[in-house]
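Inside the fold
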Amino acid sequence: MKIGRLPALVRTTTFRLALLHASIFILFTASLLAYLYYETAGHLGRQAEVELNAEFGELSAAYRGGGLDRLKQAVTERREARGKFFYLLQDGSGQKIEGDFDVLPAPAPVGQVVNVEFAYDARTIQGQPSRRSAEGRISRLSEGGVLMVAYDVGDLGEMNQRITDVVWRSAAVGFVLSLIGGVVISRSAAQRAEQLAKTTEGVMGGDLTRRAPVFGSGDEFDRLSEQLNAMLAKLERLVISSRSAGDSIAHDLRSPLTRLRNRLEAGLRDTDKDGARAALVRSIDDVDSVLDTFNAILRLSRVQAGATGSFRRTNVTDITNELAELYQPVCEEKRLAFNYLPHGELFVLADRDLVAQAMSNLMDNAVKYTPEGGAIRLEVRRGLNGDVDLTVADSGPGIPPQDRERAIERFVRLEQSRSQPGSGLGLSLAAAVAEAHAGKLILADGGGPPARPGLSATLRLPAA
Amino acid sequence: MRVIVIEDDADAAAFVKGVLNEAGHAVDVCGDGKSGLNKARTGDYDALVVDRMLPGMDGLKLLKSYRDGGGRAPALFLSALGEVDHRVEGLQAGGDDYLVKPYAPSELVARVEALGRRATGDIPTTKLAVGGLEMDLLARTVNRDGQKIDLQPREFRLLEFLMRHAGQVVTRTMLLEKVWDYHFDPQTNVIDVHVSRLRGKIDKDFARPLLHTVRGAGYRLEA
């Protein structure tokens, strides 16, 4: 059998949730009502049945003990006792022997027993005629007679009827309520989903500032919205940084290329052979700096994509020992006091080359921006939560707090550093390396005087 | 040196050939992996320059087959893939060095020439000598004209590398890779400072300098 496409309404989550909700609610209500019925009306009916069985059992016992005569005697006694039961005893030819009724309300059964419901006329205490309903059991006796025992349903029936009515009405109301409830509940869920869809639609339309509403209820939709918003914030940052990256690449590459062109031009005009040669040598430096920028871009992209690195349990102190040794002479050359504070063995899950490069970038920056006579500190220590902090602190101009986040973005070079050589990717790469290690790069004050606070850059890696 | 360049990009191959020719080496060029492998096997080359991405047979496979077939000429990989993992793959396939594109011509020449020296210097040595400078690799001592020179461990390794490649240009990148085992270029002139310190120790008190700076390329230790 082929199932056609369902109409649009049926396919909505609202409709499905409403239907599901209603079904569950109805199932629940139905079981509750069934139980209620079983315990009330059902119970009354069963009790009457039990009593009828007992009465019938006693009369049958009388019949077995003394035949029709004894049975007749028993029926007479019981009628005189004025219990709740009515009787009719007939002989084989259908003549009444004893009893409250004259005729059977239904034909006597061919087999043993039949249950009947019937109505009869009686008089009230005030003598008014009234029609009452009764239930009874008719049984054919082994010698050909017929015995009927019945009881007045009366109040019991009325109670039964009322309970049944209540149950049905409740079921009807419950059904309607459950449908309404289902629609209300699923509408609210669908509305939240709709809001999320609208947000993403807006973002796809180019408005990156759109955010999904968060109501603070902390429910799944709020969490989803928060996640979506965090994702959008990151996306926005990336888009903005790649937009400005385009400008920055142009800027970073245009200046050396322009310089290169001028130099080649001058070299061409230079009739002196050594002068032309010098121009060529310096031109190669310019080209190298362009190539360096390209390499840095490529490397950063790969690290950010998580496409590189072989991570091993590594003692970071080994890495910093080598770096300290590598940079010590440079610091001395620049008359910078270099202070290396290692901290025994500290293990992290790391790619040695990546961490070394990130730290080397931080050291490069420190050396570059700290004026002569300043100080640089390379420190390794166990941070909070067992993280391992690799810190390079300098006594340079530092980065104002409001600029720190931007300084980490790709290609962002703060105004005052634009004139300095470098690709503007050093901090970005350090941050990308930190991220690749599930850690982060933290920029803070270097702790110097307000005029020259210095910068403290910490690569925080989770311990292994 | 006789060098075979196996590179499918005709422009790149011509560039490599030009650079190496200029440095005084004989160069054959081959454009695809299979014929390159045949040529490398039959010709008598001092060094192979192999691009990693080749039509027909990629560079890694080519070099593995070459080594399995008993080829012993040292090989330099050229590749746009420059991460440490890629280098390790290259070295595992039997490569002796790995150069990432784009590269400076001087870098290429320096590395190819360093390869040639390695091939001829297979016998383990315990002593190195350049001019009056002597290095004892076992005792880990250095003398110049009989005068003892004290070196830090890293300076010792730096000088050892320079002496093993005496007469050749070694680039800053080569020093970073071979002496420090770093596969990135620091922005500051760390290597220059280390070299100048070493120079202070081995050249300062002597009339004739041994450690020369080659502009735009690197350094050369030469008597």
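Everything discussed here concerns the structure shown above.
This is a predicted model, so every value here is computed, not measured.

Considering the overall build of chain B
Across its full length, chain B carries eight helices and twelve strands. Expressed as a percentage of its 223 residues, the buried residues of chain B come to 52%. Carbon and sulfur atoms make up 49% of the accessible area of chain B, which amounts to about 10000 Å² in all.

Some thoughts on the pairing of strand 12 (residues 455-461) of chain A
Residues and elements named next belong to chain A. Burial within strand 12 is extensive, with six of its seven residues counted as buried. Looking at chain direction, strand 11 (residues 440-445) and strand 12 are connected through six bridges and run antiparallel. By the bridge assignment, leucine 441 is partnered in strand 12 with leucine 459.

A few points about the interface of chain A and chain B
When the parts of a complex come together, some accessible area is lost, and that lost area is often taken as the interface size. Contacts between the two partners involve 26 residues from chain A and, on the opposite side, 22 residues from chain B. Both sides together, the interface formed by chain A and chain B hides about 2500 Å², and carbon and sulfur atoms give 53% of it. In terms of surface lost to chain B, no three residues of chain A exceed Glu325, Leu326 and Asp353 of chain A, which account for 21% of the buried area on that side. Applying the counting rule to chain A against chain B returns three salt bridges. A salt bridge links glutamate 332 of chain A to arginine 197 of chain B; the nearest nitrogen and oxygen atoms lie 2.2 Å apart. There are eleven residue pairs in polar contact (both at pLDDT 80 or more) connecting chain A and chain B. Those elements that place two or more of their residues in the side of chain A that touches chain B are helix 6 (273-304), helix 7 (316-333) and helix 8 (352-369) of chain A.

Considerations on the pairing of strand 9 (residues 375-382) of chain A
All names here are of chain A. In this sheet, strand 9 lies alongside strand 7 (residues 337-341) in parallel orientation, the contact comprising five bridges. By the bridge assignment for strand 9, alanine 337 is matched with alanine 375. Where strand 9 lies against strand 10 (residues 388-394), seven bridges are found, and the strand directions are antiparallel. Paired with glutamate 379 across the strands is threonine 391, a residue of strand 10. Here strand 9 hands over to strand 10 after five residues, with asparagine 385 in that stretch at a positive phi of 55 degrees.

Examining the sheet that holds strand 3 (residues 47-51) of chain B
Strands belonging to one sheet form pairs held by backbone hydrogen bonds; the direction of such a pair is parallel or antiparallel. All names here are of chain B. An order of 2-1-3-4-5 is seen for the five strands of this open sheet, with the pairing classed as parallel. Two strands close off the open sheet at either side, each with one partner strand: strand 2 (26-30) and strand 5 (97-100). Each adjacent strand pair in this sheet contributes to an overall mean axis angle of 20 degrees, direction not counted. Across four bridges, the pairing between strand 4 (residues 75-79) and strand 5 is parallel. For leucine 76, the partnering residue across the bridge sits in strand 5 and is aspartate 97. Its contacts with the sheet place helix 1 (residues 10-22) against strand 1 (2-6), strand 2 and strand 4, and it is angled at close to 170 degrees to strand 2.

Structural notes on the packing of aromatic side chains
All names here are of chain A. By the definition in use, this model includes four aromatic pairs over all chains. Note on phenylalanine 85 and tyrosine 151: the rings are 6.1 Å apart at their centroids and 90 degrees apart in plane angle, and the pair reads as edge-to-face. You can see phenylalanine 85 sitting in strand 1 (residues 85-90) and its partner tyrosine 151 sitting in strand 5 (residues 146-152), a full 66 residues away along the chain. Of the two residues examined, phenylalanine 85 and tyrosine 151, each falls in the buried class. Geometry around phenylalanine 56 places arginine 137 over its ring, the cationic atom sitting 5.8 Å from the centre. One cation-aromatic arrangement involves arginine 313 over phenylalanine 347; the distance from NZ or CZ to the ring centre is 4.1 Å.

Quick look at the pattern of salt bridges
Overall, the coordinates contain 37 salt bridges over all chains when judged by the stated rule. Salt-bridge contacts for arginine 381 of chain A lead to glutamate 379 of chain A; the nearest nitrogen and oxygen are separated by 3.3 Å. Assessed through its relative accessible area of 30%, arginine 381 of chain A is described here as partly exposed. On the basis of relative accessibility, which here comes to 16%, the residue glutamate 379 of chain A falls in the buried class. In this structure, the salt-bridge partner of arginine 220 of chain B is glutamate 222 of chain B, at a minimum N-O distance of 3.1 Å. The exposure class of arginine 220 of chain B is partly exposed, given its relative accessible area of 25%. Judged by its relative accessible area of 30%, glutamate 222 of chain B falls in the partly exposed class.

Brief notes about the side chain of serine 178 of chain A
All names here are of chain A. Turning to its location among the elements, serine 178 is positioned in helix 4 (residues 154-204). By relative accessible area, serine 178 is classed as buried at 1%. The residues contacting serine 178, other than those within four sequence positions of it, are His21, Ala22, Phe25 and Ile26.

Description of the packing of helix 7 of chain A against helix 8 of chain A
Residues and elements named next belong to chain A. Two elements in contact, helix 7 and helix 8, have axes whose closest approach is 10 Å; the angle formed by their N-to-C orientations is 25 degrees. Here helix 7 is positioned roughly parallel relative to helix 8, judged by the angle of their axes. Taken as a pair, helix 7 and helix 8 cross one another with a handedness that is right-handed. Residues Ile319, Glu322, Leu323, Tyr327, Val330 and Cys331 of helix 7 form the contact with helix 8, whose own contacting residues are Arg352, Val355, Ala356, Met359, Ser360, Met363, Asp364 and Val367.

Things to note about the sheet that holds strand 7 (residues 133-136) of chain B
Residue and element names in this part refer to chain B. Reading across from one edge, 6-7-8-9 is the order of the four strands in this open sheet, with antiparallel pairing throughout. Each edge of the sheet is formed by a strand with only one pairing partner; in this case those strands are strand 6 (127-130) and strand 9 (147-149). Strand-to-strand, the axes of this sheet are offset by a mean angle of 25 degrees, without reference to chain direction. Where helix 6 (residues 153-164) meets the sheet, its contacts fall on strand 6, strand 7 and strand 8 (141-144), and the angle it forms with strand 7 comes to roughly 115 degrees.

What to know about the nonpolar core
Counting residues in hydrophobic clusters, the biggest one holds 82 residues, and the most contacted among them are Met359, Ile376, Leu390 and Leu459 of chain A together with Leu159, Leu175 and Leu221 of chain B. Examining the composition of this core, we find that nine residues originate from one element, helix 8 of chain A, more than from any other. Those residues in contact with methionine 359 of chain A that sit more than four places away from it in its chain are Leu323, Leu378, Leu390, Val392 and Leu459 of chain A. Listed in part, the 20 residues of the second largest apolar core include Ala40, Leu54, Leu63 and Ala75 of chain B.

Rules behind the numbers
Residues numbered from 1 in each chain as written. Chains lettered and ligands numbered in written order. Predicted model: local features only at pLDDT ≥ 70, side-chain atom pairs only at ≥ 80, totals over all residues. Heavy atoms only, no water. Helix = DSSP H or I, 4+ residues; strand = E, 2+ residues; numbered from the N terminus. Buried < 20%, exposed > 50% of the residue type's maximum accessible area, 1.4 Å probe, protein only. Areas by Shrake-Rupley, 256 points an atom, 1.4 Å probe, with all protein chains shown as cover. Pairing = 2+ DSSP bridges. Contact = heavy atoms within 4.5 Å. Buried area = accessible area lost by both parts, 1.4 Å probe. Salt bridge = Lys/Arg side-chain N within 4 Å of Asp/Glu carboxyl O. Polar contact = N/O pair within 3.5 Å; in protein donor to acceptor, adjacent residues only side chain to side chain. Axes fitted to C-alpha atoms, helices over the stretch in contact; angles between N-to-C directions. Phe/Tyr/Trp six-rings, centres within 6.5 Å; stacked < 30°, edge-to-face > 60°. Lys NZ or Arg CZ within 6 Å of the ring centre and 35° of its normal. Parallel < 35°, antiparallel > 145°, perpendicular 65-115°, else oblique. Left-handed = near helix turned anticlockwise from the far one by under 90°. Core = buried A, V, L, I, M, F, W, Y, C linked by side-chain atoms within 4.5 Å.

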